[in-house]
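# Observations on the model geometry
One letter stands for each residue in the lines below.
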Amino acid sequence: MNQTEYISIAALNQYAYCPHRCWRMFCAGEFNDNQYTIEGTTLHDRVHTTSDIQRGETWQIRAIWLKSEQYKLIGKSDLIEAESGEVYPVEYKRGRKGEWDNDELQVCAQALCLEEMTGQPVTTGYIYYAHSHQRQLVEINAELRQSAIATIQSVTNLLETGAMPKPVYSKRCQGCSLYSQCLPKATDKVKSYQEVN
């Protein structure tokens, strides 16, 4: 990665979920579909139909590109809304709220881009979970911002060095479409293998 390249906002989500998965996707160029990724792609195909509409007091624009020169981020938004002078991102996800903060980091990265593009503070965002048809409020507070900026730096280092993070097995592996390439349990099995004489 050279200094002029941009980091995909989605890479932050992948890195926060699993650094090894992020490396496989953004350094090695590997990706496999499974039922979860297909459902997510189908949802985003519907959401990413460019539109600009007014719904009551809320202005909605879909599928616009967000960019930050300061953080070297780029990505396509699912939905940006403006209401009462406030602008905020809405990220669509196929399932329901998970146990991890990777989706919140993605919303925060979108907020950082929006702040730079609009020149106004973005203090909230939302994640819309298609399974439950509910929005979850994301407060773009100092702690989340620091976490997002640290993740941006980690992804930058990953892309610049190309160093593969060690695969680590966790509950997150169960639905991962790259599990068969990663084989996180294999490392432990190889370590415990002893040749019998």
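My aim in this report is to walk through the structure given alongside it, one point at a time. Nothing here was measured: the structure is a model prediction, and the numbers come from that model.

The next subject is the packing of helix α1 (residues 9-17) against helix α5 (residues 142-161). One can describe the packing of α1 onto α5 by two numbers: an axis separation of 9 Å at closest approach and a directional angle of 95 degrees. By the angle between their directions, the pair α1 and α5 is classed as roughly perpendicular. In contact with Ala11, Leu12 and Tyr15 of α1, α5 contributes Ala148, Thr151, Ile152, Ser154, Val155 and Leu158. Residues of the contact of α1 with α5, tallied by class, amount to seven nonpolar, two polar and no charged.

Turning to the pairing of strand β9 (residues 134-139), a few remarks are in order. As defined by bridge partners, strand β8 (residues 124-129) adjoins β9 across six bridges and the pair is classed as antiparallel. From the neighbouring strand, Tyr126 faces β9, where its bridge partner is Leu137.

Before going further, it helps to examine the environment of Gln146. If you trace the backbone, Gln146 turns up in helix α5. Sequence-wise, Gln146 and Cys108 are 38 residues apart; in three dimensions their C-alpha atoms are separated by 9.9 Å.

In this sheet, strand β6 (residues 79-83) lies alongside strand β3 (residues 58-62) in antiparallel orientation, the contact comprising four bridges. The residue bridging Ile61 from the neighbouring strand is Ile80, located in β6. Here five bridges tie β6 to strand β7 (residues 86-93), and the two strands are oriented antiparallel to one another. By the bridge assignment, Leu79 is partnered in β7 with Val90. Between β6 and β7, which pair antiparallel in sequence order, lie two residues; one of them, Ser84, sits at a positive phi of approximately 55 degrees.

We now examine the sheet that holds strand β1 (residues 7-8). The strand order across the open sheet formed by three strands is β1-β5-β4, and the pairing between neighbours is mixed. In this open sheet, the two strands that pair with only one neighbour each are β1 and β4 (65-68). Summarising the sheet, β4 and strand β5 (residues 73-76) pair through four bridges and their orientation is antiparallel. Bridge pairing in β5 links Trp65 to Lys76. Helix α4 (residues 102-118) rests against β4 and β5 of the sheet, and its axis sits at about 80 degrees to β4.

It is worth spelling out the packing of aromatic side chains at this point. Enumeration over the complete set of coordinates arrives at two aromatic pairs. When the ring of Tyr88 is compared with that of Tyr126, the centres are 5.4 Å apart and the planes differ by 65 degrees; the resulting orientation is edge-to-face. With Tyr88 in strand β7 and Tyr126 in strand β8, the pair connects residues that are 38 residues apart, well separated along the chain. Here Tyr88 falls in the buried class, since its relative accessible area comes to 8%. Measuring from ring centre to ring centre gives 4.8 Å for Tyr92 and Tyr128, while their planes differ by 50 degrees; the resulting arrangement is tilted. With a gap of 36 residues between them, Tyr92 in strand β7 and Tyr128 in strand β8 connect regions that are remote in the sequence. Given the relative accessible area of 11%, Tyr92 is considered buried. Of note, Arg135 hangs over the ring of Tyr126, and the distance from its end group to the ring centre comes to 5.4 Å.

Cut-offs used in this document
- Residues numbered from 1 in each chain as written.
- Predicted model: local features only at pLDDT ≥ 70, side-chain atom pairs only at ≥ 80, totals over all residues.
- Heavy atoms only, no water.
- Axes fitted to C-alpha atoms, helices over the stretch in contact; angles between N-to-C directions.
- Helix = DSSP H or I, 4+ residues; strand = E, 2+ residues; numbered from the N terminus.
- Parallel < 35°, antiparallel > 145°, perpendicular 65-115°, else oblique.
- Contact = heavy atoms within 4.5 Å.
- Nonpolar A, V, L, I, M, F, W, Y, C, P; charged D, E, K, R; others polar.
- Pairing = 2+ DSSP bridges.
- Phe/Tyr/Trp six-rings, centres within 6.5 Å; stacked < 30°, edge-to-face > 60°.
- Buried < 20%, exposed > 50% of the residue type's maximum accessible area, 1.4 Å probe, protein only.
- Lys NZ or Arg CZ within 6 Å of the ring centre and 35° of its normal.

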